[in-house]
Amino acid sequence: VRDSGELWRTIEMPMPIINHAIQDRFWGRVDHASDGCWNWTLTKNGQGYGVMDFPTPDGFKQIRAHRVAYRLSKGYVHDKVVIRHRCDNPSCCGH
């Protein structure tokens, strides 16, 4: 994890509160592969990263699945911090 210096990320809405129902839904969409990756099995963006939709007052916000996994397993992470996974597999939610 390192600071990216990308100022545009500081204006993003913070990650929403994740309750138990969302946690269960999230982990139910992760496949723990034999190669050690935790692959996201649903929607992926154009770069291959898993994304999950969260409701907002204005509609929905897509958050990358590996950021949600980090939040669930490690705790809060600021929007301008880049989370890198060791495998360099965009669909992996592991860290």
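For the structure itself, consult the block above.
Now for a description of the structure that goes with this document. In this convention, every chain numbers its residues from 1, walking through the sequence in written order. Given that the model is predicted, a residue must reach a pLDDT of at least 70 before its local features are reported, and side-chain atom pairs must reach 80 or more before they are shown or counted; all residues, however, enter totals for whole chains, interfaces and linings. Think of the side-chain values as coming from all heavy atoms in the structure, minus any hydrogens and water.

Let's shift gears to the side chain of His-66. Within the fold, His-66 resides in helix H2 (residues 65-74). When a residue's accessible area, from a 1.4 Å probe over protein chains only, is under 20% of the maximum for its type it is buried; when over 50% it is exposed; and in between it is partly exposed. His-66 gets classed as buried once you look at its relative accessible area, which sits at 6%. Contact between two residues is taken to exist if any of their heavy atoms lie within 4.5 Å; hydrogens are not considered. His-66 has contacts with Tyr-49, Ile-83, His-85, Cys-92 and Cys-93, leaving out every residue within four places of it along the chain. Numbered from the N terminus, helices here are DSSP runs of H or I no shorter than four residues, and strands are runs of E no shorter than two.

Attention now goes to the nonpolar core. Ile-18, Ile-22, Phe-26, Val-30, Trp-40, Met-52, Phe-54, Ile-63, Ala-65, Val-68, Ala-69 and Cys-93 form the largest nonpolar core, which has twelve residues in total. Ranked by residue count, the leading element in this core is H2, at three residues. We define the nonpolar core as a collection of buried residues of types Ala, Val, Leu, Ile, Met, Phe, Trp, Tyr and Cys that are connected through side-chain atoms lying within 4.5 Å of one another.

Okay, the packing of helix H1 (residues 20-27) against H2 next. Contact geometry for H1 and H2: axes closest at 11 Å, N-to-C directions at 125°. Overall, the two elements H1 and H2 adopt an arrangement that is oblique. With respect to the hand of their crossing, H1 and H2 are arranged in left-handed fashion. When H1 is examined against H2, the residues Gln-23, Phe-26 and Trp-27 are found in contact with a partner set consisting of Ala-65, Val-68, Ala-69 and Leu-72. Note that Gly is not counted as nonpolar here; it falls among the polar residues with everything else outside the nonpolar set of Ala, Val, Leu, Ile, Met, Phe, Trp, Tyr, Cys and Pro and the charged set of Asp, Glu, Lys and Arg. Split by residue class, the contact of H1 with H2 holds six nonpolar, one polar and no charged. Axis lines are fitted to C-alpha atoms, over the contacting stretch for helices. Their N-to-C directions set the angle, which ranges from 0 to 180 degrees. Between 65 and 115 degrees an angle is taken as roughly perpendicular, under 35 as roughly parallel, over 145 as roughly antiparallel, and anywhere else as oblique. When the near helix sits turned anticlockwise from the far one by under a right angle, the crossing is termed left-handed; a clockwise turn instead gives a right-handed crossing.

Remember, this is a structural readout, not a statement about activity or role.
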